[in-house]
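In case you want the letters, here they are:
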Amino acid sequence: MQRVGILTAGGDTPALNATIFGAVERANQLGIEVYGIVKGFGGLLDPRVPYVPLNPLFSSIPELDPCQGGTILGASRTYISADSVDEMKTVAQRLEKLGIEGLICIGGDGTINGMQPISEQFPCVLAPKTIDNDLGLNYIEEPNVWERSEDPETGKPVYSKSDDQAEIELGEIVNYATPGYATAVYVVAQSINRIRTTAESHRRIGIVEVMGRESGYIALGSAYGQPDIILIPEVAVDFERLATRVAELYDLQKHVVIVVGEGVKGAEGVPLGDLGRRDPSGNVRFDGAAEALKSMLIERLGDGFFQSRRRHDTAESAIFTRMVGHTQRGGRPIQFDRFHAAQLGGHAMELLVRGENNALAVLQYNQDDGFHLMALPANKLRDRWGAIHPRNLHTSFYDCRRLQPSKLGREFLMPIFTTAIGADDVEHIRADLFAPGNLSTRYQGFNIDVHKRMRYLTHE
Ligand code: F6P
């Protein structure tokens, strides 16, 4: 191969530039040119096809910094429709016109779905990214336990799992950790530490909402910040038990910190944070699980609970909510993410060169080999009907009684996080955050410089 395209699709993560960097560095060694397609699949659907040559003369452009969060190529949630053969053909023709012989898509489950139709016309591989850590399988047979039925009202397919494997071993997990996840957990754990001291001083109940959609991996990792209660989307909230536990803890320590995964569900299985809003690709925009829990606690505990303890006049003033929000997705990636993202990017490049198509580079872990790279045909992620499901946190990782990670859950986290932060991550804060120059120099955005390198297939 002489020229390869690369794009970043879906929501961004702090490790995307590191993945692009790994792919481009490998391409430099192999003597392959890399064109970065701007704004994900949206760039291929745009007749002008904006792109950036990432390694002129086989040396990476200086704007490509693996320590910089986000993506110099821009991301979008636009995907190519599997139903439109014409659209796919057009995209393949555009790539061919650019002299591109293979495409690396950096993305999550939505991106694999977008990549599948292209792979029928054009060689494509995926390098994984998602802060949610929901791309992969708990065990290789997992896609086969999905059942499909039809919603009688909407006619849309409804999926549920039958006969899920009750126990798993860590070595069975397909794609153990995805670049972006570790940095998100780092941000969340720090946020909880900060919420903790103010909640404790003011004798309040803090409810911290974290991202992850319907997967509880980020919520699980929040355990490093030592929240008192962790609620994950995979286990419906038992309001009665929760209120009792909150009251017990409040009596004991005069404050409580609760973490809630944004996709958490009530007893009827309805997400508390689904207020009917959707993103451009039709995904639910989770927004409000923490507020819903706060309302529930206000109702159950009432003002009297706090007044009788002479702590607050109202339950409203005693309970506060915070969304960690997009800070989880932004900023400098920590060492674990940088290293493995770059490795996965390089591996994706190798897969493409050795002729793989519709496959992904995955990061595996077992006790004997530690973390190592492998390749997986994308179809291994699909159920019998072709759907790819976001990976749920396996329930054996969570202790429903203590509302904390189980022993296996803790064992899952440790290989990722015990050495996830490098000395340079800490030094960067010391040296750069309060650098006097920051006061007088404007943020030096990569968009400005990358734009100067932008080329177009056509100027239509
Ligand atoms: O899938 C990644 C993710 O960060 C989710 O955790 C979150 O629900 C969603 O994206 C937010 O998306 P947006 O940036 O479009 O609001």
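Residues numbered from 1 in each chain as written. Predicted model: local features only at pLDDT ≥ 70, side-chain atom pairs only at ≥ 80, totals over all residues.

Participant: What is the right way to read the overall build of the protein from this model?
Facilitator: Along the backbone of the protein there are 14 helices and 18 strands. On C-alpha atoms alone, the protein measures out to a radius of gyration of 23 Å, which is about the 23 Å that the 2.2 N^0.38 rule sets for 460 residues. Principal-axis analysis of the C-alpha atoms gives the protein an extent of 75 × 60 × 50 Å. In the protein, of all internal contacts separated by at least 6 residues, the share reaching a separation of at least 24 is 74%. (Helix = DSSP H or I, 4+ residues; strand = E, 2+ residues; numbered from the N terminus. Rg over C-alpha atoms; globule rule 2.2 N^0.38 Å. Contact = placed C-beta atoms within 7 Å.)

Participant: When you look at the domain arrangement of the protein in this model, what are you seeing that I'm missing?
Facilitator: Frequently, the measure chosen for interface size is the accessible area that the parts lose on association. In terms of domains, the protein is made up of domain 1 (3-133 + 333-390 + 422-452) and domain 2 (182-329). The C-alpha centroid of domain 2 is placed 33 Å from the C-alpha centroid of domain 1. With 17 residues of domain 1 in contact, the opposing surface of domain 2 contributes 16 residues. Class assignment for the residues of the side of domain 1 that touches domain 2 results in eight nonpolar, five polar and four charged. (Domains from an automatic or database assignment. Nonpolar A, V, L, I, M, F, W, Y, C, P; charged D, E, K, R; others polar.)

Participant: Help me out: how do you make sense of the nonpolar core in this one?
Facilitator: The tendency in soluble globular proteins is for nonpolar side chains to be buried side by side. Grouped together as the largest cluster of nonpolar side chains are 125 residues, with contacts concentrated most on A23, I104, V125, L220, L231 and A348. Top element by residues in this core is helix α5 (residues 181-201). It accounts for 10 residues. Each of domain 1 (3-133 + 333-390 + 422-452) and domain 2 (182-329) gives at least three residues to this core. Discounting residues that sit within four places of it in the chain, A23 has contacts with I6, V34, I104, A127, G345, G346, A348 and M349. (Core = buried A, V, L, I, M, F, W, Y, C linked by C-beta atoms within 7 Å. Buried ≥ 20, exposed ≤ 12 C-beta atoms within 10 Å, placed from the backbone.)

Participant: Would you mind showing me how to read the sheet that holds strand β8 (residues 205-210) here?
Facilitator: In a beta sheet, neighbouring strands pair by backbone hydrogen bonds and run either parallel or antiparallel. With parallel pairing, four strands are arranged side by side in an open sheet as β9-β10-β8-β13. Edge positions in the open sheet fall to β9 (229-231) and β13 (319-323), since each of these has one partner strand only. For this sheet, the mean angle separating the axes of adjacent strands, direction not counted, is 20 degrees. Bridge count between β8 and strand β10 (residues 256-261): six bridges; the pairing is parallel. Opposite G206, over in β10, you have V257 as the bridge partner. In the packing of α5 onto the sheet, the strands contacted are β8, β10 and β13, and the crossing angle to β8 comes to about 165 degrees. Together, β8, β9 and β10 form the strand contacts of helix α7 (residues 239-253), whose direction differs from that of β10 by roughly 150 degrees. (Pairing = 2+ DSSP bridges. Axes fitted to C-alpha atoms, helices over the stretch in contact; angles between N-to-C directions.)

Participant: What's the story with the site of the ligand in this structure? I'm lost.
Facilitator: Inspection of the region around the ligand gives G11, T130, I131, D132, M211, G212, R213, E262, D279, R285, F286 and R329 as its neighbouring residues. When the residues that make up the shell around the ligand are grouped by side-chain class, the tally is three nonpolar, three polar and six charged. Each of two domains, domain 1 (3-133 + 333-390 + 422-452) and domain 2 (182-329), supplies a minimum of three residues to the shell around the ligand. (Near = placed C-beta within 6 Å.)

Participant: How should helix α10 (residues 335-353) be read in this particular structure?
Facilitator: Every α-helical turn comprises 3.6 residues, leaving residues that sit three or four positions apart pointing alike. With 19 residues, α10 should cover 27 Å at 1.5 Å per step; its first-to-last C-alpha distance of 27 Å lies within 8% of that length. Of all 19 residues in α10, 16 are buried, a share of seventy percent or more. One or two steps after α10, the chain reaches G355, where phi turns positive at roughly 95 degrees. (Expected span 1.5 Å × (residues − 1).)

Participant: Even after reading the chapter, I still don't get the environment of A342, so can you show me in this structure?
Facilitator: Inspection of the secondary structure assignment puts A342 in helix α10. Of the residues examined, A342 has 25 C-beta atoms within 10 Å and is grouped as buried. Taking the C-alpha atoms as reference points, A342 and G269, separated by 73 residues in sequence, lie 38 Å from one another.

Participant: Got a minute to help me understand the packing of helix α1 (residues 16-30) against α10 in this structure?
Facilitator: Each pair of packed helices can be summarised by the angle the axes make with each other and by the distance between the axes. Where α1 contacts α10, the axes come no closer than 6 Å and their chain directions differ by 45 degrees. One way to sum up the angle between α1 and α10 is to call them oblique. As α1 packs across α10, the resulting crossing turns out to be right-handed. Across the interface between the two elements, A18, T19, I20, F21, G22, A23, E25, R26, A27 and L30 from α1 touch D337, R338, A341, A342, Q343, L344, G345, G346, A348, M349, E350 and V353 from α10. (Parallel < 35°, antiparallel > 145°, perpendicular 65-115°, else oblique. Left-handed = near helix turned anticlockwise from the far one by under 90°.)

Participant: Sorry, what's going on with the sheet that holds strand β14 (residues 359-366) here?
Facilitator: Pairing in this open sheet of eight strands is mixed, and the strands run β15-β14-β5-β4-β1-β2-β3-β18 from one edge to the other. For this open sheet the edge positions go to β15 (370-377) and β18 (455-456), each flanked by a neighbour on one side alone. Pairing of strand β3 (residues 50-53) with β18 involves two bridges; the strand directions are antiparallel. Of the residues in β18, the one forming a bridge with Y51 is R455. Of the strands in this sheet, β4 (102-107), β5 (124-128) and β14 touch helix α4 (residues 109-119), which is tilted by about 170 degrees from β5.

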